[in-house]
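Here is how the chains run, residue by residue.
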Amino acid sequence: MSNSTTTEFTVRVQAEDFDVLAETEILTKGRKDVGAIVTFTGLCRDEGGTLEALELEHYPGMAEAQISKFAQQAVERWPLTGLTIIHRFGKIPPGDNIVLVIATSSHRRAAFEASDFLMDFLKTQAPFWKKEHLKETSEGTWVEAKAVDDADAARWRNSRH
Amino acid sequence: MSNSTTTEFTVRVQAEDFDVLAETEILTKGRKDVGAIVTFTGLCRDEGGTLEALELEHYPGMAEAQISKFAQQAVERWPLTGLTIIHRFGKIPPGDNIVLVIATSSHRRAAFEASDFLMDFLKTQAPFWKKEHLKETSEGTWVEAKAVDDADAARWRNSRH
Amino acid sequence: MKIRYFAWLRERTGTSEETIELPETVKTAGELISWLAARDEGYAFAFEQPETIRIAVNQEHVEEDHVLSGTEEVAFFPPMTGG
Amino acid sequence: MKIRYFAWLRERTGTSEETIELPETVKTAGELISWLAARDEGYAFAFEQPETIRIAVNQEHVEEDHVLSGTEEVAFFPPMTGG
């Protein structure tokens, strides 16, 4: 309720899958000031049936630190009541979860914008690298960074917020 | 996979609560082309402990028709793989669900923008009216429409999409 | 013609729906508002600020200058507050 | 000084991490890239397009002109593709 205390957030970088429902309940249980919950779940696509698995490499320590830095920016920029970010690493088959952002707030725009902002920065600033393992070839290929993701992240620099 | 077939969507207007997990699974089960799931859940806030319940009146028939109209616009505007919108009516106590939007897509921006768009139009264009019943007073008060919600909805008219 | 009222328009008119015979002088939705407002105090109160009232004909939003036909369902309500 | 390599930089150098003695002539992260690239073919291949390589010092992003101190952990990696 007070502006002087910053909302706490949870950041986890893990090999294991996550449970969207359980993570959501942690942010809402026992409180009645939450008006909006936005969850973003990123999953591994099979690329038209060609993909065997994605391999996610990360920089342990820096990954948590970078995500926490952006989480801190988000709770300072938007009036959130809760924020959880989980990013997996390791080999992930199509259909499986990769990343989760849950933002809760009294107001819907704050929850939407914070989760959108965080995904843009996870894409471009968090030290994770994806390698595609295709069914047809034995060797994997590193996924190239996309200019559109940089453009998405740049949106937040000149925003009115 | 084809642009010639429009993605189907689900619209429900109901008194009963909804199950976010079950609704999400309907959109993702058995398919591996979904890269992004955005869920928006709108809940009844207790307004600092003063609210007894919200009463949601709606225009049966027109509510479903209007929501379906915006759902149709969303699936034409963004490359979604699935879309579900559920809006409750009746008396809803603090902490309970009011509205759910789930948008799934291969790409995160489509899922974010479609759900954000739909919430803006549900707020301003779907025939629902909220009455606040406070704990201290016997008579309810109709919630007034907010100019900020109209401004949010207007964002989508001049968008690049 | 079936007329429906929602939220505080329903409360002020004391009516959720009614069927009326449209007078020949009433051509548009705006004229229907004026005609209804002249009925009694409750209707006058309901329609005292016609510019704030939203109109739907056959469950589609229309403006005050919408020309009514005899078979339509007309609804009056305040700005919506869903979501 | 500890040096770490990720993704295709790790594969091309054949090294995930190593500890080096920083030569006195190497002052900045960019100079370290040039020095490493001169080591052998694998390092030369890894650093052949230095403008695409991201640098972190003590787990914070830095630019090529960042001045290295003796105690730092330096990491080299391609543009990130998380999320």
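The coordinates are above.
Residues numbered from 1 in each chain as written. Chains lettered and ligands numbered in written order. Predicted model: local features only at pLDDT ≥ 70, side-chain atom pairs only at ≥ 80, totals over all residues. Heavy atoms only, no water.

Asker: Residues and numbers for the overall build of chain A, please.
Answerer: What chain A contains, in helices and strands, is 4 helices and 8 strands. Seen through its C-alpha atoms, chain A measures out along the principal axes to roughly 55 × 35 × 30 Å. Buried residues in chain A amount to 54% of all 161 residues. If you take every contact in chain A between residues at least 6 apart in sequence, the share linking residues at least 24 apart comes to 78%. Accessible area of chain A: about 7100 Å², with a carbon and sulfur share of 48%. Positive and negative side-chain charges in chain A, numbering 19 and 25 respectively, have mean positions lying 6 Å apart. (Helix = DSSP H or I, 4+ residues; strand = E, 2+ residues; numbered from the N terminus. Buried < 20%, exposed > 50% of the residue type's maximum accessible area, 1.4 Å probe, protein only. Contact = heavy atoms within 4.5 Å. Areas by Shrake-Rupley, 256 points an atom, 1.4 Å probe, with all protein chains shown as cover. Lys, Arg positive; Asp, Glu negative; His and termini not counted. Charge placed at Lys NZ, Arg CZ, Asp CG, Glu CD.)

Asker: Can you tell me about the overall build of chain C, naming the residues and giving the values?
Answerer: In terms of regular secondary structure, chain C is built from 3 helices and 5 strands. Its helices and strands in sequence order give chain C the pattern β-α-β-α-α-β-β-β, from N to C terminus. Radius of gyration (C-alpha) of chain C: 12 Å, near the 12 Å computed for a compact globule of 83 residues. Here chain C holds 83 residues, and 47% of them are scored as buried. (Rg over C-alpha atoms; globule rule 2.2 N^0.38 Å.)

Asker: Give me the sheet that holds strand β3 (residues 54-57) of chain D: which residues, what numbers.
Answerer: Across the sheet, which stays open at both edges, the 5 strands sit in the order β2-β1-β5-β3-β4 (chain D) with mixed pairing between neighbours. Edge positions in the sheet fall to β2 (17-19) and β4 (60-62) of chain D, since each of these pairs with one other strand and no more. The mean inter-strand angle of the sheet, taken between neighbouring strand axes irrespective of direction, is 25 degrees. Along the sheet, helix α2 (residues 62-77) of chain A makes contact with β3, β4 and β5 (73-77) of chain D, crossing β4 of chain D at roughly 85 degrees. Strand contacts of helix α2 (residues 29-37) of chain D: β1 (2-5), β2, β3 and β5 of chain D, with the helix running at about 65 degrees to β5 of chain D, the strand carrying the most contacts. (Pairing = 2+ DSSP bridges. Axes fitted to C-alpha atoms, helices over the stretch in contact; angles between N-to-C directions.)

Asker: Could you give an account of the relation of the copies chain B and chain A, with specific residues and numbers?
Answerer: Copy one and copy two of the chain differ by a rotation about an axis and a translation along that axis. Each copy superposes on the other: chain B lies on chain A with an RMSD of 0.0 Å after a rotation of 180 degrees and an axial shift of 0.0 Å. A rotation of that kind, with that shift, is consistent with a two-fold axis. Closest approach to the rotation axis among the C-alpha atoms of chain B is made by Thr39 of chain B, whose C-alpha sits 2.6 Å away. (Least-squares fit on C-alpha atoms with pLDDT ≥ 70 in both.)

Asker: Go over the arrangement of the chains with me, naming the residues and quoting the values.
Answerer: By contact count, the leading pair among the 3 pairs of chains in contact is chains A and B. For the non-touching pair chain B and chain D, the nearest C-alpha separation works out to 10 Å. Taking C-alpha atoms only, the smallest gap left between chain C and chain D, which are not in contact, amounts to 29 Å.

Asker: Describe the sheet that holds strand β2 (residues 36-43) of chain A, naming the residues involved and giving the relevant values.
Answerer: Read from one edge of the open sheet, 8 strands run β1(A)-β4(A)-β6(A)-β2(A)-β2(B)-β6(B)-β4(B)-β1(B), paired in mixed fashion. At either end of the open sheet lies a strand with only one pairing partner, and these are β1 (10-14) of chain A together with β1 (9-14) of chain B. Across the sheet, the axes of successive neighbouring strands diverge by a mean angle of 10 degrees, strand direction being ignored. The pairing of β1 of chain B with strand β4 (residues 80-88) of chain B spans 6 bridges and is classified as parallel. Paired with Phe9 of chain B across the strands is Leu83 of chain B, a residue of β4 of chain B. Of the strands in this sheet, β1, β2 (36-43), β4 and β6 (97-105) of chain B are in contact with helix α1 (residues 20-28) of chain B, which crosses β6 of chain B at around 20 degrees.

Asker: How would you sum up the interface of chain B and chain C? Please name residues and give values.
Answerer: In this assembly, 26 residues from chain B lie in contact with 21 residues from chain C. Interface of chain B and chain C: buried area, both sides summed, is about 1900 Å²; carbon and sulfur atoms make up 53% of it. Between the two partners, chain B and chain C, sit 2 salt bridges. In this structure, the salt-bridge partner of Glu11 of chain C is Lys131 of chain B, at a minimum N-O distance of 2.3 Å. Scanning the region where chain B abuts chain C turns up 14 residue pairs in polar contact (both at pLDDT 80 or more). (Buried area = accessible area lost by both parts, 1.4 Å probe. Salt bridge = Lys/Arg side-chain N within 4 Å of Asp/Glu carboxyl O. Polar contact = N/O pair within 3.5 Å; in protein donor to acceptor, adjacent residues only side chain to side chain.)

Asker: Explain the environment of Thr28 of chain D residue by residue, including any values.
Answerer: Within the secondary structure, Thr28 of chain D is located in the loop between β2 and α2. The sequence separation of Thr28 of chain D and Glu73 of chain D amounts to 45 residues, and the corresponding C-alpha distance is 13 Å.

Asker: Pulling in residues and values, what's your account of the nonpolar core?
Answerer: The biggest cluster of nonpolar side chains holds 73 residues, and the ones touching the most others in it are Leu83 and Ile85 of chain A together with Leu83 of chain B. If we skip the residues at most four places from it in the chain, Leu83 of chain A touches Glu8, Phe9, Thr10, Leu27, Ala71, Ala74, Val75, Val101, Ile102, Ala103 and Leu118 of chain A. (Core = buried A, V, L, I, M, F, W, Y, C linked by side-chain atoms within 4.5 Å.)

Asker: I'd like a description of unusual backbone geometry, backed by residues and values.
Answerer: Generally, phi is negative for residues other than glycine and the peptide bonds are trans, each holding for most cases. All names here are of chain D. We note that Asn58 has phi near 50 degrees; this positive angle belongs to a residue other than glycine. Counting through the fold element by element, Asn58 comes out in the loop between β3 and β4. At Gln59, a position not held by glycine, the phi torsion is positive, near 65 degrees. Relative to the assigned elements, Gln59 resides in the loop between β3 and β4. Residue Gln59 is classed as partly exposed on the basis of its relative accessible area of 23%.

Asker: Give me the interface of chain B and chain A: which residues, what numbers.
Answerer: On the side of chain A, 31 residues touch chain B, which itself brings 31 residues to the contact. The three residues of chain B that bury the most area against chain A are Lys32, Arg108 and Phe112 of chain B, which together make up 24% of that side's buried surface. Taken together, chain B and chain A are joined by 12 salt bridges. Between Arg109 of chain B and Asp116 of chain A there is a salt bridge; the shortest N-O distance is 2.8 Å. Put simply, chain B and chain A have 17 residue pairs in polar contact (both at pLDDT 80 or more) between them. Within the residue set of the side of chain B that touches chain A, elements represented by two or more residues are β2, α3 (108-125) and α4 (147-154) of chain B. Inspection of the sheet shows β2 of chain A paired to β2 of chain B by 7 bridges, in the antiparallel sense. Opposite Phe40 of chain A, over in β2 of chain B, you have Val38 of chain B as the bridge partner.

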